[in-house]
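# Residue-level structure breakdown
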Amino acid sequence: MEKPNKEEKVELSKKESKKLDKLLEENAKLKADMEHWKNEYYRAYADTKNLRNNLEKDHLEALKYRSEGFIEALLPVLDSFHMALAKEPSDPALKNYLIGFQYIYKNLVSALEAEGVSEISPEVGKLFDPTTMSAVDTVEGEKENLITEVYAKGYKLHNRIVRPANVQVSVLKKEEENNKENA
């Protein structure tokens, strides 16, 4: 049997023509299915990659702040050190104890700093910062929003507040407020 030239048209029977149409239709359907599942694969791959990145980011953040609970438990100890070191004892024997307490306190603070802890130490006379401080009391003063007393220092772990500093804040005197309202 002789092969037809490319230029020659091949005559097909009706049966063969229907079979060819069916095969072409099936081929088109398979190509569409292939494209669909290829897109599904790429979408699942991207979702998996995003999930992996999010889990890695969450893991790194958990490692960064793993000691937050422990630090919160140490804050009363630090407060006790601040109270003990604030007063200068008159008895020479107590002065020796104070030197020991200062040494222990410095070691504790340096260990906390190595973990990423920093003190929030507001100064009397400075402006109140609500992002790092908590106003636990107010007192009348000449200017508004000035720190008049520091009750407890605050602490941050990296960039997260563990405890805000507890301070007393000034408010304007009532007479000045009344004068402003009357003016």
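Nothing here was measured: the structure is a model prediction, and the numbers come from that model. (Residues numbered from 1 in each chain as written. Predicted model: local features only at pLDDT ≥ 70, side-chain atom pairs only at ≥ 80, totals over all residues. Heavy atoms only, no water.)

On inspection of all chains with the given rule, the structure shows four aromatic pairs. A connected cluster of aromatic rings, assembled from ring pairs, spans Tyr41, Tyr42 and Tyr45. For Arg160, the ring lying beneath its charged end belongs to Tyr65, and the centroid distance is 3.8 Å. (Phe/Tyr/Trp six-rings, centres within 6.5 Å; stacked < 30°, edge-to-face > 60°. Lys NZ or Arg CZ within 6 Å of the ring centre and 35° of its normal.)

To continue, consider the pairing of strand 5 (residues 160-163). In this sheet, strand 5 lies alongside strand 4 (residues 154-157) in antiparallel orientation, the contact comprising three bridges. Along strand 5, the bridge assignment pairs Tyr155 with Arg163. Between strand 4 and strand 5, which pair antiparallel in sequence order, lie two residues; one of them, His158, sits at a positive phi of approximately 55°. (Pairing = 2+ DSSP bridges. Helix = DSSP H or I, 4+ residues; strand = E, 2+ residues; numbered from the N terminus.)

So, on to the layout of surface pockets. Of the pockets and cavities examined, the largest pocket occupies roughly 200 Å³. Broken down by secondary-structure element, the contributors of at least two residues to the lining of the largest pocket are helix 2 (68-86) and strand 3 (147-152). (1 Å grid on protein atoms, 1.4 Å probe; cavity = no way out; pocket = protein on both sides within 12 Å on 5 of 7 lines; lining within 4 Å. Points joined across faces, edges and corners; volume = space filled by probe spheres on them.)

This part takes up the confidence of the model for the protein chain. Parts of the prediction with low pLDDT should not have their coordinates interpreted in detail. Averaged over the protein chain, the pLDDT score is 88; the fraction of residues at 70 or greater is 90%. When pLDDT is averaged over each element of the protein chain, strand 4 comes out on top at 95 and helix 4 (residues 174-182) at the bottom at 60. (pLDDT = per-residue confidence, 0-100.)

What follows deals with the environment of Gly125. Within the secondary structure layout, Gly125 lies in the loop between strand 1 (117-120) and strand 2 (133-141). Separated by 44 residues in the primary sequence, Gly125 and Val169 have C-alpha atoms spaced 9.4 Å apart.

Each regular strand displays side chains that alternate between the two surfaces of the sheet. Taken together, the four bridges between strand 1 and strand 4 define a ladder with antiparallel strand orientation. Its bridge partner being in strand 4, Glu119 is matched across the sheet by Tyr155.

The next thing to look at is the nonpolar core. Among the nonpolar cores identified, the biggest contains 14 residues, and Ile71, Leu75, Leu78, Leu108, Leu112, Val117 and Leu157 are the most heavily contacted of them. For this core, the secondary-structure elements that each account for two or more residues are helix 2, helix 3 (92-114) and strand 4. If one sorts the elements of this core by residue count, helix 2 sits on top with five residues. By size, the runner-up hydrophobic cluster in this structure holds seven residues, among which are Ile120, Phe128, Ile147 and Val169. (Core = buried A, V, L, I, M, F, W, Y, C linked by side-chain atoms within 4.5 Å. Buried < 20%, exposed > 50% of the residue type's maximum accessible area, 1.4 Å probe, protein only.)

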